[in-house]
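If you want the building blocks of each chain, they are given just below.
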Amino acid sequence: MKALSKPEKWVLIGIPILFLIGAILHFAYNILGESPIVGLFAPVNESIWEHTKMVLWPVILWWSLYYCFRGKQYDLDKNKWFGGALAALLTSLFTMPMLYYFYTEAFGVELLWVDILILLLSLIFGQFLGLHIYQNSKGIHAKFVIAVFIALVLLFMLFTFFPPHIPLFQDGLTGSYGIQF
């Protein structure tokens, strides 16, 4: 840890903080009165798609806000930084459903403690790969990454209200999809 720069440490320090934020987001929609506005940021049901919001917003904000507030101070290469951010986000977004479907289908069980562990592992894998990409790649044009972030956010917002009727989007408890009007 000593050999890492402050921005690199920030990426790793983010793991428990992102996990905590994700856990809070899990309950935010119900606690805050099932507001559609809150539903844009927090899971609105128990579908695996909705649960990926627990990594979408925290990871995008974690990397982006650090760049905005500390990028100049640490002379961060924006293309490398946002390339790492994109790697962290996509890794976390893909890891969560892959691990969930693997264990539920392979073992025929669903356990809360495993679901919680999947959130943590998704963030760990994402942050470590994001750090690796930041340290070892030439980067990806930051404007492209920001466009991907915006597209993903808009897609998540759209699917909150108009989700495809496929298992990824279906609440396993109620059989519903997205926010019910």
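About the cut-offs
- Residues numbered from 1 in each chain as written.
- Predicted model: local features only at pLDDT ≥ 70, side-chain atom pairs only at ≥ 80, totals over all residues.
- Heavy atoms only, no water.
- Phe/Tyr/Trp six-rings, centres within 6.5 Å; stacked < 30°, edge-to-face > 60°.
- Helix = DSSP H or I, 4+ residues; strand = E, 2+ residues; numbered from the N terminus.
- Buried < 20%, exposed > 50% of the residue type's maximum accessible area, 1.4 Å probe, protein only.
- 1 Å grid on protein atoms, 1.4 Å probe; cavity = no way out; pocket = protein on both sides within 12 Å on 5 of 7 lines; lining within 4 Å.
- Points joined across faces, edges and corners; volume = space filled by probe spheres on them.
- Nonpolar A, V, L, I, M, F, W, Y, C, P; charged D, E, K, R; others polar.

Looking now at the packing of aromatic side chains. Evaluated as defined, the whole model comprises 15 aromatic pairs. Look at Trp49 and Phe169: their rings are 4.8 Å apart centre to centre, the planes differ by 40°, and that puts the pair in the tilted class. Taken together, the positions of Trp49 in helix 3 (residues 48–51) and Phe169 in the segment after helix 7 (142–161) put the pair 120 residues apart, joining distant regions of the chain. There is no split in this pair, since Trp49 and Phe169 are both buried. For the ring pair Phe102 and Phe107, a centre distance of 6.0 Å and an interplane angle of 85° mean the geometry is edge-to-face.

Reported here for the largest pocket is a volume of approximately 400 Å³. If you go around the largest pocket, you meet 18 residues; those closest to its centre are His26, His51, Leu112, Asp115 and Ile116. Contributions of two or more residues to the lining of the largest pocket are made by helix 1 (6–31), helix 3, helix 5 (78–107) and helix 6 (112–136). Top element by residues in the lining of the largest pocket is helix 6. It accounts for five residues. Residues of the lining of the largest pocket, tallied by class, amount to 12 nonpolar, three polar and three charged. Estimated volume of the second largest pocket: approximately 240 Å³.

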